[in-house]
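Residue strings, one per chain:
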Amino acid sequence: MQLGIIYSLSASALFGGMYYLATLLRRLSGESLFGIRMVVTLPFLLFALFVLKKQAEFVAFAKRLKQKPHLILVLLLTSAIVGSQMWLFLWAPNSGKALEVSMGYLLMPIVAVALGKIVFKEHFTLLKWLSLGFAVLGVTSNIWLTGSFSWTTIVAGVGYPLYITLRRYFGINTLATFFVELLLVMPFAGYFIAQADMQLIIADNQYIYYFLALFGLVNGAAFILYIASSNLLPVNVPGLLGYVEPLVMLCISFMIGEVLDSKSYLLMICLALAISLLTIDNFRLARK
(Lines give C-alpha, C1' and ligand atoms only; values in the text may rest on other atoms or scores of the structure.)
Protein backbone atom coordinates (compact mmCIF):
# COMPACT_ATOMS: atom_id res chain seq x y z
CA MET A 1 0.00 0.00 0.00
CA GLN A 2 2.88 2.39 0.76
CA LEU A 3 4.17 1.97 -2.80
CA GLY A 4 0.70 2.74 -4.15
CA ILE A 5 0.54 5.95 -2.10
CA ILE A 6 3.98 7.01 -3.38
CA TYR A 7 2.86 6.33 -6.97
CA SER A 8 -0.37 8.29 -6.47
CA LEU A 9 1.35 11.31 -4.91
CA SER A 10 4.02 11.27 -7.61
CA ALA A 11 1.36 11.13 -10.35
CA SER A 12 -0.53 14.07 -8.81
CA ALA A 13 2.67 16.10 -8.51
CA LEU A 14 3.61 15.38 -12.14
CA PHE A 15 0.12 16.18 -13.45
CA GLY A 16 0.16 19.41 -11.46
CA GLY A 17 3.68 20.14 -12.74
CA MET A 18 2.39 19.94 -16.32
CA TYR A 19 0.49 23.11 -15.49
CA TYR A 20 3.84 24.91 -15.22
CA LEU A 21 5.32 23.11 -18.24
CA ALA A 22 2.53 24.56 -20.37
CA THR A 23 3.99 28.04 -19.71
CA LEU A 24 7.33 26.92 -21.19
CA LEU A 25 5.53 25.97 -24.41
CA ARG A 26 4.25 29.46 -25.16
CA ARG A 27 3.40 30.35 -28.73
CA LEU A 28 1.92 26.88 -29.03
CA SER A 29 -1.83 27.37 -28.68
CA GLY A 30 -3.88 25.48 -26.12
CA GLU A 31 -5.41 23.53 -29.00
CA SER A 32 -2.00 22.45 -30.32
CA LEU A 33 -0.87 21.46 -26.82
CA PHE A 34 -4.04 19.44 -26.42
CA GLY A 35 -3.34 17.65 -29.71
CA ILE A 36 0.25 16.89 -28.68
CA ARG A 37 -0.89 15.56 -25.30
CA MET A 38 -3.37 13.20 -26.96
CA VAL A 39 -0.71 11.85 -29.32
CA VAL A 40 1.91 11.28 -26.61
CA THR A 41 -0.62 9.70 -24.22
CA LEU A 42 -1.77 7.00 -26.65
CA PRO A 43 1.46 4.90 -26.67
CA PHE A 44 1.65 4.98 -22.87
CA LEU A 45 -1.97 3.85 -22.69
CA LEU A 46 -1.25 0.98 -25.07
CA PHE A 47 1.72 0.04 -22.90
CA ALA A 48 -0.52 0.03 -19.80
CA LEU A 49 -3.14 -2.12 -21.54
CA PHE A 50 -0.56 -4.79 -22.35
CA VAL A 51 1.39 -4.65 -19.07
CA LEU A 52 -1.81 -4.91 -17.02
CA LYS A 53 -3.13 -7.59 -19.41
CA LYS A 54 -6.30 -5.70 -20.28
CA GLN A 55 -6.58 -7.10 -23.82
CA ALA A 56 -9.51 -9.32 -22.81
CA GLU A 57 -11.23 -6.29 -21.27
CA PHE A 58 -10.87 -4.44 -24.57
CA VAL A 59 -12.32 -7.38 -26.55
CA ALA A 60 -15.25 -7.67 -24.12
CA PHE A 61 -15.90 -3.93 -24.46
CA ALA A 62 -15.90 -4.18 -28.27
CA LYS A 63 -18.47 -7.03 -28.09
CA ARG A 64 -20.62 -4.98 -25.74
CA LEU A 65 -20.61 -2.06 -28.18
CA LYS A 66 -21.83 -4.41 -30.88
CA GLN A 67 -24.65 -5.64 -28.63
CA LYS A 68 -25.60 -2.16 -27.41
CA PRO A 69 -24.94 0.36 -30.23
CA HIS A 70 -26.45 3.21 -28.18
CA LEU A 71 -23.25 3.14 -26.09
CA ILE A 72 -21.48 4.68 -29.09
CA LEU A 73 -23.45 7.90 -28.47
CA VAL A 74 -22.38 7.78 -24.82
CA LEU A 75 -18.76 7.33 -25.94
CA LEU A 76 -19.01 10.34 -28.24
CA LEU A 77 -20.24 12.41 -25.28
CA THR A 78 -17.57 11.16 -22.85
CA SER A 79 -14.89 11.69 -25.50
CA ALA A 80 -16.03 15.29 -25.96
CA ILE A 81 -15.96 15.87 -22.19
CA VAL A 82 -12.50 14.38 -21.61
CA GLY A 83 -11.13 16.16 -24.67
CA SER A 84 -12.47 19.54 -23.55
CA GLN A 85 -11.08 18.99 -20.04
CA MET A 86 -7.59 18.17 -21.35
CA TRP A 87 -7.72 21.23 -23.61
CA LEU A 88 -8.82 23.52 -20.75
CA PHE A 89 -6.03 22.21 -18.51
CA LEU A 90 -3.33 23.23 -21.02
CA TRP A 91 -5.02 26.39 -22.29
CA ALA A 92 -5.55 28.01 -18.88
CA PRO A 93 -1.92 28.70 -17.74
CA ASN A 94 -1.11 30.79 -20.81
CA SER A 95 -4.47 32.57 -20.88
CA GLY A 96 -4.58 34.09 -17.41
CA LYS A 97 -7.12 31.50 -16.26
CA ALA A 98 -4.89 29.13 -14.27
CA LEU A 99 -6.31 30.23 -10.92
CA GLU A 100 -9.91 29.96 -12.08
CA VAL A 101 -9.37 26.43 -13.41
CA SER A 102 -7.52 25.46 -10.22
CA MET A 103 -10.55 26.55 -8.19
CA GLY A 104 -12.69 24.41 -10.51
CA TYR A 105 -10.51 21.41 -9.69
CA LEU A 106 -10.98 22.17 -5.99
CA LEU A 107 -14.74 22.24 -6.60
CA MET A 108 -14.61 18.94 -8.52
CA PRO A 109 -14.72 16.46 -5.59
CA ILE A 110 -17.74 18.22 -4.11
CA VAL A 111 -19.57 18.04 -7.46
CA ALA A 112 -18.62 14.35 -7.69
CA VAL A 113 -20.09 13.68 -4.25
CA ALA A 114 -23.30 15.56 -5.15
CA LEU A 115 -23.70 13.58 -8.39
CA GLY A 116 -23.13 10.35 -6.45
CA LYS A 117 -26.03 11.30 -4.19
CA ILE A 118 -28.36 12.40 -7.03
CA VAL A 119 -27.63 9.63 -9.55
CA PHE A 120 -26.62 6.63 -7.42
CA LYS A 121 -28.44 7.50 -4.17
CA GLU A 122 -25.19 7.12 -2.22
CA HIS A 123 -25.24 7.49 1.55
CA PHE A 124 -24.46 11.02 2.72
CA THR A 125 -22.73 11.47 6.04
CA LEU A 126 -23.08 14.65 8.08
CA LEU A 127 -19.58 15.70 6.97
CA LYS A 128 -20.56 15.33 3.31
CA TRP A 129 -23.67 17.47 3.84
CA LEU A 130 -21.57 20.12 5.57
CA SER A 131 -18.99 19.97 2.77
CA LEU A 132 -21.69 20.45 0.13
CA GLY A 133 -23.18 23.30 2.15
CA PHE A 134 -19.87 25.18 2.31
CA ALA A 135 -19.35 24.69 -1.44
CA VAL A 136 -22.83 26.06 -2.24
CA LEU A 137 -22.21 28.99 0.13
CA GLY A 138 -18.90 29.74 -1.58
CA VAL A 139 -20.32 29.65 -5.11
CA THR A 140 -23.41 31.68 -4.12
CA SER A 141 -21.33 34.32 -2.36
CA ASN A 142 -18.99 34.60 -5.36
CA ILE A 143 -21.93 35.15 -7.73
CA TRP A 144 -23.38 37.75 -5.33
CA LEU A 145 -20.07 39.61 -4.87
CA THR A 146 -18.91 39.56 -8.51
CA GLY A 147 -22.20 39.38 -10.36
CA SER A 148 -21.06 36.26 -12.24
CA PHE A 149 -19.18 32.99 -11.91
CA SER A 150 -16.27 32.05 -14.15
CA TRP A 151 -17.20 29.63 -16.94
CA THR A 152 -13.73 28.08 -16.70
CA THR A 153 -14.32 27.23 -13.03
CA ILE A 154 -17.70 25.70 -13.87
CA VAL A 155 -16.34 23.60 -16.76
CA ALA A 156 -13.35 22.41 -14.72
CA GLY A 157 -15.47 21.64 -11.66
CA VAL A 158 -18.31 19.83 -13.44
CA GLY A 159 -16.53 18.16 -16.38
CA TYR A 160 -14.72 15.20 -14.85
CA PRO A 161 -17.43 14.36 -12.26
CA LEU A 162 -19.99 14.25 -15.10
CA TYR A 163 -17.58 12.16 -17.18
CA ILE A 164 -17.04 9.60 -14.40
CA THR A 165 -20.77 9.53 -13.58
CA LEU A 166 -21.69 8.72 -17.20
CA ARG A 167 -19.05 5.99 -17.41
CA ARG A 168 -20.17 4.48 -14.13
CA TYR A 169 -23.90 4.72 -14.93
CA PHE A 170 -23.49 2.91 -18.25
CA GLY A 171 -20.95 0.42 -16.84
CA ILE A 172 -18.07 1.48 -19.09
CA ASN A 173 -15.62 2.80 -16.49
CA THR A 174 -12.57 0.87 -17.76
CA LEU A 175 -9.12 1.50 -19.21
CA ALA A 176 -10.32 0.05 -22.52
CA THR A 177 -13.03 2.72 -22.68
CA PHE A 178 -10.45 5.46 -22.20
CA PHE A 179 -8.42 4.03 -25.09
CA VAL A 180 -11.47 4.21 -27.39
CA GLU A 181 -12.20 7.76 -26.22
CA LEU A 182 -8.66 8.80 -27.13
CA LEU A 183 -9.04 7.24 -30.55
CA LEU A 184 -12.23 9.23 -31.11
CA VAL A 185 -10.53 12.57 -30.33
CA MET A 186 -7.36 11.72 -32.28
CA PRO A 187 -8.58 13.26 -35.60
CA PHE A 188 -9.12 16.57 -33.80
CA ALA A 189 -5.72 16.24 -32.14
CA GLY A 190 -4.06 15.75 -35.53
CA TYR A 191 -5.87 18.74 -36.98
CA PHE A 192 -4.82 21.05 -34.14
CA ILE A 193 -1.18 19.92 -34.35
CA ALA A 194 -1.18 20.61 -38.09
CA GLN A 195 -2.27 24.22 -37.44
CA ALA A 196 0.90 25.03 -35.46
CA ASP A 197 3.45 27.13 -37.37
CA MET A 198 6.58 25.55 -35.91
CA GLN A 199 9.02 27.84 -37.74
CA LEU A 200 7.42 30.90 -36.16
CA ILE A 201 7.31 29.17 -32.75
CA ILE A 202 10.99 28.12 -32.94
CA ALA A 203 11.98 31.70 -33.78
CA ASP A 204 10.36 32.79 -30.51
CA ASN A 205 11.20 29.72 -28.39
CA GLN A 206 14.35 27.95 -29.58
CA TYR A 207 14.08 25.25 -26.89
CA ILE A 208 10.52 24.28 -27.81
CA TYR A 209 11.39 20.71 -28.91
CA TYR A 210 13.29 20.04 -25.67
CA PHE A 211 10.33 21.29 -23.67
CA LEU A 212 7.97 19.18 -25.79
CA ALA A 213 10.09 16.07 -25.11
CA LEU A 214 9.99 16.84 -21.38
CA PHE A 215 6.24 17.47 -21.61
CA GLY A 216 5.68 14.07 -23.25
CA LEU A 217 7.87 12.29 -20.70
CA VAL A 218 6.16 13.91 -17.69
CA ASN A 219 2.69 13.25 -19.11
CA GLY A 220 3.50 9.59 -19.81
CA ALA A 221 5.17 9.02 -16.44
CA ALA A 222 2.25 10.62 -14.58
CA PHE A 223 -0.24 8.48 -16.46
CA ILE A 224 1.61 5.21 -15.80
CA LEU A 225 2.08 6.07 -12.10
CA TYR A 226 -1.62 6.90 -11.78
CA ILE A 227 -2.67 3.58 -13.37
CA ALA A 228 -0.17 1.67 -11.21
CA SER A 229 -1.42 3.34 -8.01
CA SER A 230 -5.05 2.55 -8.90
CA ASN A 231 -4.14 -1.14 -9.06
CA LEU A 232 -2.29 -1.11 -5.72
CA LEU A 233 -4.59 0.94 -3.50
CA PRO A 234 -7.99 0.25 -1.91
CA VAL A 235 -10.84 2.06 -3.66
CA ASN A 236 -11.20 4.87 -1.07
CA VAL A 237 -7.54 5.84 -0.89
CA PRO A 238 -7.06 7.32 -4.43
CA GLY A 239 -9.99 9.62 -3.70
CA LEU A 240 -8.33 10.71 -0.49
CA LEU A 241 -5.06 11.48 -2.30
CA GLY A 242 -6.77 13.10 -5.29
CA TYR A 243 -6.74 16.52 -3.65
CA VAL A 244 -2.96 16.82 -4.09
CA GLU A 245 -3.14 17.68 -7.80
CA PRO A 246 -5.47 20.73 -7.50
CA LEU A 247 -3.37 22.01 -4.60
CA VAL A 248 -0.22 21.76 -6.76
CA MET A 249 -2.09 23.53 -9.57
CA LEU A 250 -3.15 26.27 -7.17
CA CYS A 251 0.44 26.82 -6.00
CA ILE A 252 1.68 26.96 -9.60
CA SER A 253 -1.04 29.48 -10.48
CA PHE A 254 0.40 31.82 -7.85
CA MET A 255 3.97 31.01 -8.99
CA ILE A 256 3.27 32.13 -12.55
CA GLY A 257 1.97 35.47 -11.32
CA GLU A 258 -1.80 35.11 -11.07
CA VAL A 259 -3.50 36.91 -8.18
CA LEU A 260 -6.69 35.95 -6.39
CA ASP A 261 -9.36 38.66 -6.61
CA SER A 262 -10.31 39.88 -3.12
CA LYS A 263 -13.96 39.16 -3.99
CA SER A 264 -13.06 35.46 -4.36
CA TYR A 265 -11.52 35.10 -0.88
CA LEU A 266 -14.78 33.81 0.60
CA LEU A 267 -15.12 31.26 -2.22
CA MET A 268 -11.59 29.98 -1.57
CA ILE A 269 -12.20 29.75 2.19
CA CYS A 270 -15.46 27.85 1.65
CA LEU A 271 -13.80 25.45 -0.80
CA ALA A 272 -10.93 24.87 1.63
CA LEU A 273 -13.42 24.04 4.39
CA ALA A 274 -15.45 21.80 2.07
CA ILE A 275 -12.39 19.83 0.93
CA SER A 276 -11.11 19.53 4.51
CA LEU A 277 -14.43 17.99 5.57
CA LEU A 278 -14.41 15.61 2.59
CA THR A 279 -10.83 14.59 3.39
CA ILE A 280 -11.74 13.81 7.00
CA ASP A 281 -14.79 11.84 5.84
CA ASN A 282 -12.80 9.86 3.27
CA PHE A 283 -10.10 9.18 5.85
CA ARG A 284 -12.72 7.73 8.19
CA LEU A 285 -14.09 5.54 5.39
CA ALA A 286 -10.59 4.37 4.43
CA ARG A 287 -9.88 3.36 8.04
CA LYS A 288 -13.13 1.38 8.18
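From a predicted model like this one, the values you see are computed outputs, not experimental measurements. In every chain, residue numbers begin from 1 and rise along the written sequence. Given that the model is predicted, a residue must reach a pLDDT of at least 70 before its local features are reported, and side-chain atom pairs must reach 80 or more before they are shown or counted; all residues, however, enter totals for whole chains, interfaces and linings. Computation of side-chain values: all heavy atoms of the structure, hydrogens and water removed.

Asks: I'd like a rundown of the nonpolar core, residues and numbers included.
Replies: We define the nonpolar core as a collection of buried residues of types Ala, Val, Leu, Ile, Met, Phe, Trp, Tyr and Cys that are connected through side-chain atoms lying within 4.5 Å of one another. Only protein chains enter the accessibility calculation, which uses a 1.4 Å probe; a residue whose area is less than 20% of its type maximum is buried, one above 50% is exposed, and one in between is partly exposed. Ranked by size, the top nonpolar core spans 27 residues in total, and within it Tyr19, Leu25, Leu28, Phe89, Val101, Tyr105 and Phe215 carry the most contacts. We count a stretch as a helix when DSSP gives it H or I for four or more residues in a row; a strand needs E for two or more, and each element gets its number in order from the N terminus. The set of elements that each furnish at least two residues to this core consists of α1 (2-24), α2 (30-51), α4 (71-91), α5 (98-120), α10 (208-232) and α12 (244-255).

Asks: An account of a nonpolar patch on the surface is requested, with residue identities and associated values reported.
Replies: Patch members must show over 30% relative accessible area and no salt bridge, and they are joined within 9 Å when carrying like charges or within 5 Å when they are nonpolar side chains of Val, Leu, Ile, Met, Phe, Trp or Tyr. Surface exposure here means Shrake-Rupley accessible area, sampled with a 1.4 Å probe, where a residue is shielded only by the protein chains that are shown. Here, a salt bridge means any Lys or Arg side-chain nitrogen found within 4 Å of an Asp or Glu carboxyl oxygen. On the surface, Trp144, Leu145, Tyr265, Leu266, Ile269 and Leu273 cluster together into a nonpolar patch covering about 640 Å² of accessible area. When residues of the nonpolar patch are traced back to their parent elements, those giving at least two are α6 (126-146) and α13 (265-287). Per element, the largest residue contribution to the nonpolar patch is four residues, and it comes from α13. Mapped onto the secondary structure, tyrosine 265 falls in helix α13. The partly exposed category is assigned to tyrosine 265, whose relative accessible area is 45%.

Asks: Can you break down the side chain of threonine 165 residue by residue, with the values?
Replies: Residue placement: threonine 165 occurs in helix α7 (residues 151-169). Residue classification places threonine 165 among the buried residues on the basis of a relative accessible area of 11%. Ignoring sequence-local partners within four residues, the contact set of threonine 165 consists of Leu115, Val119 and Phe120. We call two residues in contact when some of their heavy atoms are within 4.5 Å.

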